[in-house]
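Coordinate analysis (summary)
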Amino acid sequence: MSTRTIHSLLVAAAALTGACAASSPDSEGGGEASAQTEAETHAAETSACSRYGGPGEVGGVVSEHIVPALTGDCRVSAMFTSLPEPAQVHLVECLTIQVQELFACEGASYAGAEDSTGALCRDMVSAHAGLGITNGDFDAVIEDIVAGLQAAGISQADIDAVAPAVLSTRADMVEVQTDALSNSSCG
Ligand code: HEM
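Everything numeric here is computed off the predicted structure, so don't read it as measured data.

Here's the deal with the overall build of the protein chain
- Of the regular secondary structure elements, the protein chain holds 10 helices and zero strands.
- Helices and strands in the protein chain line up, N terminus first, as α-α-α-α-α-α-α-α-α-α.
- Across the 187 residues of the protein chain, 30% fall into the buried class.
- Long-range contacts, defined here as pairs at least 24 residues apart, represent 78% of the contacts in the protein chain between residues at least 6 apart.

Describing helix 6 (residues 85-102)
- Between its first and last C-alpha atoms helix 6 spans 26 Å; for 18 residues at 1.5 Å apiece the expected length is 26 Å, and the two agree.
- Across the 18 residues of helix 6, 14 count as buried, placing the element largely inside the fold.

Observations regarding helix 8 (residues 135-151)
- Here helix 8 contains 17 residues, and its C-alpha end-to-end distance of 24 Å stays within 8% of the 24 Å for a straight helix at 1.5 Å per residue.
- Those residues of helix 8 that fall on the buried side of the exposure criterion are D137, F138, A140, V141, D144, I145, G148 and L149.
- Taken together, the buried residues of helix 8 touch helix 4 (55-71), helix 9 (156-167) and helix 10 (170-173).

Notes on the confidence of the model for the protein chain
- The pLDDT averaged across the protein chain works out to 84; a share of 76% of its residues lies at or above 70.
- Considering only residues more than four positions removed or in separate chains, one finds that residues 1-31, a stretch of pLDDT under 50, has 47 contacts.

Thresholds applied
- Residues numbered from 1 in each chain as written.
- Predicted model: local features only at pLDDT ≥ 70, side-chain atom pairs only at ≥ 80, totals over all residues.
- Helix = DSSP H or I, 4+ residues; strand = E, 2+ residues; numbered from the N terminus.
- Buried ≥ 20, exposed ≤ 12 C-beta atoms within 10 Å, placed from the backbone.
- Contact = placed C-beta atoms within 7 Å.
- Expected span 1.5 Å × (residues − 1).
- pLDDT = per-residue confidence, 0-100.

Below, the structure written as structure tokens:
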């Protein structure tokens, strides 16, 4: 992935921060409304998203840690680096929304989400159809995602909490039942 692409991904992640930011509490409100806002604020603070600094920081985990783990892994990197740049940006923006939803960032919802150009983030079956993804590819990507989360300082407990949702997508993506890699450039 080019430096320019990485830069545009970081810009996109910053833009997504705004898209997912929680509505600000009404500081002038009193009584019941204020109490409700406090309760909502408290609930939001306890989400994994809040504990890791909010949607922007969680989005940064994708662009700064998960993407480098994927593009630096010769087992699967070619699958991603061979995409045209707009498709790379689209993928990272959509993956960012997925991770923000996994971390319970307020307002982040993958189903029906769009990238910054308005292109729909596809469901996992549609997005991966015809790519010939193997079980070996899937395992490698999972390892890279976990490595990225660990490098970002996400606790093992929080990784374990999101693991079932991520792992449950295997059947949506794997088309070839083999542990071999489909597009390795490891040499
Ligand atoms: C749990 C694991 C995975 C997650 C969460 C994930 C997530 C995503 C997302 C969000 C997109 C963008 C959807 C869209 O285009 O609208 C995407 C596309 C893509 N994914 Fe995955 N993916 C996973 C596994 C894999 C694996 C194992 C490979 C292959 C090694 C792979 C290769 C690709 C490619 C090449 C695209 C772009 C397809 C295109 O533009 O036509 N993904 N993925």
